[in-house]
Amino acid sequence: MAMMGMHFGHDAGAALTEAGGYRVIEAERRLGLRHVCGGNGDFPQAAAEWLAELREGAASPVTGIAVADWYTPVCQVLPPALVELVNEDARWTATGGTGLADAVTRVIKPLDWPLAKGFGDITLTAVRHHYAHAALAYYTSGARKALVLALDGTGNYAECGMVCLGDGDQLTPVMSFTNRTGPRFGLVYEALARRVHGSQFDTGKLLGLTATGETDAALLPVLRAMLVPQSTRRASPDLYEQLDEDRLTGTALRYADTWWEYDPYSGGYLDAGLADSSDDDVVHSFGSVFPDEIRTVDGRSIPVGTSPDARSCRDLAATLQTAVERDLTSLVTGVSRRFPSYPTLCYAGGCALNITANSRLAECAQFTRVSVPTCCDDSGIALGAALAVADPADRPALLGRSGWALAYAGPPLEGLDTVDGDDDDAAAADGPSRRLAGLGLSLRRPADDEEFVRAVADLLADRRCVAWLEGGLETGPRALGHRSLLVSAHWSGARRYVSQTIKNREWFRPVAPICPEEVADQYFTGPLDHTETMLFAVRVRPDRARQLAEARHIDGTARLQTVRPDTQPLLHRLCHAVAARTELPVLINTSANGGGRPILNHLDEALELLTGTELDAVVLPERRLIVE
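All figures in this text were calculated on a predicted structure; none of them were measured in a lab.

K.L.:
I'd like a description of the overall build of the protein, backed by residues and values.
P.N.:
Counting its regular elements, the protein contains 19 helices and 26 strands. Taking 2.2 N^0.38 as the reference for a compact globule, 628 residues should give roughly 25 Å; the C-alpha atoms of the protein span a radius of gyration of 25 Å, in line with that estimate. The principal-axis extent of the C-alpha atoms belonging to the protein is close to 80 × 60 × 45 Å. Counting contacts in the protein only where the partners sit at least 6 residues apart, residues at least 24 apart contribute 70% of the total. When the accessible surface of the protein is split by element, carbon and sulfur atoms take 47% of a total near 23300 Å². For the protein, the centre of its 59 positive side-chain charges and the centre of its 82 negative side-chain charges are spaced 4 Å apart.

Below you can see the structure in the form of structure tokens.
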């Protein structure tokens, strides 16, 4: 049997799980709008089409649909029973407590739900937002026993995270976190991203900016008190480090014309004033508005700028990152001690995209493995909801490096029919070469894989940039060699060429190196056993710093992806072929898309990028085609 999932909030989508694997449809890549939610005008009809597509492609009958409970009220196709559950059921909306296990999944009626039409007698189940995150992390990891953590900005009810225990086919929630008491890692990070970069979704940009600043020792305790107030630290000393009151007394935050002094009773700033406020007010106050000015214990008043070029913003970003890493590591270590004998950490939620913090967790010696799914943010919520309620037989059997089954669970590249066919066929009046010629492009067809790899390696060695498009679309925000722009790291200016010239990205944004797994330790150090999916930071070896100047970030780290011959044979061969020409088996990788647009999944979009930017070629490994 098969189980479907749906998510209506930002990064909306649909997904299916069955014994043979996963299928994931991310709304933004179908509708062309980043972080799109169910309130988009095109969503209702599109969502019906996605469900039909998944059902028709399933190898077995679909027995149920799971819907995540985080939604947008303007969505026209919400199940009425879901709205009723979230708005009226006090037991469901409660956070924490002994009843948490009874408030993570709930069968609801599919009555008057347009998307249920055509499914017949279907079971509809609501799944709590963070439980969906946790289910995705655990059931796609291959682990049979794991501590499972979900952390993000917020779900419903001001909830910002959950801890579950994974044992075999069971996933049991044991703790819930709320933004009322912290940790507010995601929410405060979103607020600063909105302040500096203009959007709550620009946390990735903010993470890149952290490397350009320095941690301010006087500012650090203020930010840590914003993340987790002292009252919470006192109540759970095994989870959070208590802060030095002497470094907080006299500090304050200014919002508009109002100064909020440090409150020793609550141990925070806004906390006392928001004690009786609604959940929405709590989330808005911490997540939508960052202070305009911060007064530190040394008497400084630090205005908070609004530009990534401002030194104050860069130091603030660096200090916030330090605060998050310290308190996150303390929290995870403490939770692990509360629930010992769980050697694997499965981690999801938007906070799990913080790759430098992830590396701190991987290197803290608390776990033998830290597993983060590629779509750990809300783009994976639809699949997580399906996995949360699926029969164990409807979840793929995972062994070894199981994350690979999820990484490319998106749909295949569309539009390939326009380059299929034989130009020598007399009937092909509009053959592929003729169509491309009309765009000012040419088509090459190498005879075999060896000739194909050699031709692409020649392009890269000649300081060209290519779009490498193969297989299923990546799930989540990282391009992992299926929808990637590649350039060789051997030449000065490669980073600027691909990142700024072609994609028009900010100067401080990192690029990601790709390297064959078997030689990665010659160039990098760090958690190299966690680097297949580009969700952990490693460090460039000092003796390779000059050679990898184009591939490393400002602070010497790298968002590395290692490739193997059994999982990505042609890309692996390409790295070595480039090394034969440049003496460096490292490529620079970034996602194949224009500035501000989702990762592409149609050949026409790739050709538009080729004709409209400085991109040099589009290569299609599965068909051995090179478009220039």
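Let's pick the thread back up.
K.L.:
Describe the side chain of R395, with residues and values.
P.N.:
Looking at the element boundaries, R395 is found in the loop between α13 (381-389) and α14 (404-407). Buried and without a salt bridge, R395 has D169 as its closest oppositely charged side chain, separated by 4.5 Å. Those residues in contact with R395 that lie beyond four places of it in its chain are T17, E18, Y139, D169, L387, A388 and A390.

K.L.:
Help me get a handle on helix α3 (residues 80-88), residues and values and all.
P.N.:
All buried positions along α3 are accounted for by A81, L82, L85 and V86. Axial view of α3: buried residues confined to an arc of 130°, hence all on one face. Along α3, the residues that are exposed and aim more than 90 degrees away from the buried face are N87 and E88. Each element contacted by the buried residues of α3 is listed here: β4 (62-68), α4 (90-93), β5 (105-108) and β6 (123-127).

K.L.:
Tell me about the sheet that holds strand β13 (residues 301-303), and please be specific about residues and values.
P.N.:
Spatial strand order, β11-β10-β12-β13: four strands in an open sheet with antiparallel pairing. This sheet does not close on itself; its edge strands, each paired only once, are β11 (258-261) and β13. Direction aside, neighbouring strands of the sheet carry axes that sit 20° apart on average. In this structure, strand β10 (residues 252-255) lies alongside β11, joined through four bridges in antiparallel fashion. What sits directly across from R254, in β11, is W259.

K.L.:
Mind laying out the pattern of salt bridges, listing which residues take part and the relevant values?
P.N.:
Applying the stated rule across the entire model yields 38 salt bridges. Among the ionic pairs, D271 bridges to R184, the shortest N-O distance being 2.4 Å. Taken together, the residues span a long stretch of sequence, with D271 in the loop between β11 and α10 (279-287) and R184 in the loop between β9 (170-178) and α6 (185-197) at a distance of 87 residues. With respect to burial, D271 and R184 carry one shared label: buried.

K.L.:
Can you tell me about helix α2 (residues 43-57), naming the residues and giving the values?
P.N.:
Since the α-helix turns once every 3.6 residues, residues separated by three or four places project in the same direction. For α2, which comprises 15 residues, the first-to-last C-alpha distance of 21 Å matches the rise-based estimate of 21 Å (1.5 Å per residue) to within 8%. All buried positions along α2 are accounted for by F43, P44, A46, A47, W50, L51 and L54. Down the axis of α2, the smallest arc covering the buried residues is 165°, so these residues share one side. Counted as exposed and oriented over 90 degrees from the buried face of α2: Q45 and E56. Those residues of α2 that are buried are in contact with β1 (2-7), β2 (13-18), β3 (21-26) and α1 (27-31).

K.L.:
Could you give an account of the nonpolar core, with specific residues and numbers?
P.N.:
Formed by 107 residues in total, the largest nonpolar core has its most connected members in F290 and Y347. The element that contributes the greatest number of residues to this core is helix α11 (residues 311-338), accounting for ten residues. Non-local contacts of Y347, meaning those with residues more than four positions away in its chain, are made with A137, L149, L151, L328, A352, N358, L361, S371, V372 and P373. With 44 residues, the next largest nonpolar core counts V519, Y523, L603 and L609 among its residues.

K.L.:
So what's going on with the sheet that holds strand β8 (residues 159-167)? Which residues, and what values?
P.N.:
Strand order in the open sheet made by the five strands is β9-β8-β7-β14-β15, with mixed pairing throughout. The outermost strands of the open sheet, each flanked by one partner alone, are β9 and β15 (369-371). Ignoring which end each strand starts from, the neighbouring axes of this sheet average 20° apart. As judged from the seven bridges shared by strand β7 (residues 145-151) and β8, these two strands associate in the antiparallel manner.

K.L.:
How would you summarise unusual backbone geometry if you had to cite specific residues and measurements?
P.N.:
At the junction of G182 and P183, the peptide bond is cis and its omega measures out at 10° in the coordinates. By secondary structure assignment, the location of P183 is in the loop between β9 and α6. Located in the positive-phi region is A365, a residue other than glycine, with phi close to 70°. Here A365 is to be found in the loop between α12 (355-362) and β15. A positive phi is found at M534, a non-glycine position, where the angle reads about 60°.

K.L.:
Go over the packing of α11 against α12 with me, naming the residues and quoting the values.
P.N.:
Axis separation between α11 and α12 bottoms out at 10 Å; the angle between their running directions is 35°. α11 and α12 meet at a crossing whose hand is right-handed. Between α11 and α12, the contacting residues are Q321, E325, R326, L328, T329 and V332 on the first element and T356, A357, R360 and L361 on the second. Of the residues in the contact of α11 with α12, the class split is four nonpolar, three polar and three charged.

K.L.:
With reference to specific residues and values, describe the environment of G21.
P.N.:
When you line up the elements, G21 lands in strand β3. For G21, a relative accessible area of 16% translates into the label buried. The spacing of G21 and R395 is 374 residues in sequence and 7.3 Å in space, taken between C-alpha atoms. For G21, the contacting residues outside a window of four places in its chain are L16 and P396.

K.L.:
Describe the pairing of β7, and please don't skip the residues or the numbers.
P.N.:
The buried fraction of β7 is high, at six of seven residues. Pairing geometry for β7 and strand β14 (residues 344-348), over five bridges, is parallel. Looking at β14, one finds that L147 is bridged to L345.

Definitions and cut-offs
Residues numbered from 1 in each chain as written. Predicted model: local features only at pLDDT ≥ 70, side-chain atom pairs only at ≥ 80, totals over all residues. Heavy atoms only, no water. Helix = DSSP H or I, 4+ residues; strand = E, 2+ residues; numbered from the N terminus. Rg over C-alpha atoms; globule rule 2.2 N^0.38 Å. Contact = heavy atoms within 4.5 Å. Areas by Shrake-Rupley, 256 points an atom, 1.4 Å probe, with all protein chains shown as cover. Lys, Arg positive; Asp, Glu negative; His and termini not counted. Charge placed at Lys NZ, Arg CZ, Asp CG, Glu CD. Buried < 20%, exposed > 50% of the residue type's maximum accessible area, 1.4 Å probe, protein only. Salt bridge = Lys/Arg side-chain N within 4 Å of Asp/Glu carboxyl O. Arc of directions from axis to C-beta. Pairing = 2+ DSSP bridges. Axes fitted to C-alpha atoms, helices over the stretch in contact; angles between N-to-C directions. Expected span 1.5 Å × (residues − 1). Core = buried A, V, L, I, M, F, W, Y, C linked by side-chain atoms within 4.5 Å. Left-handed = near helix turned anticlockwise from the far one by under 90°. Nonpolar A, V, L, I, M, F, W, Y, C, P; charged D, E, K, R; others polar.

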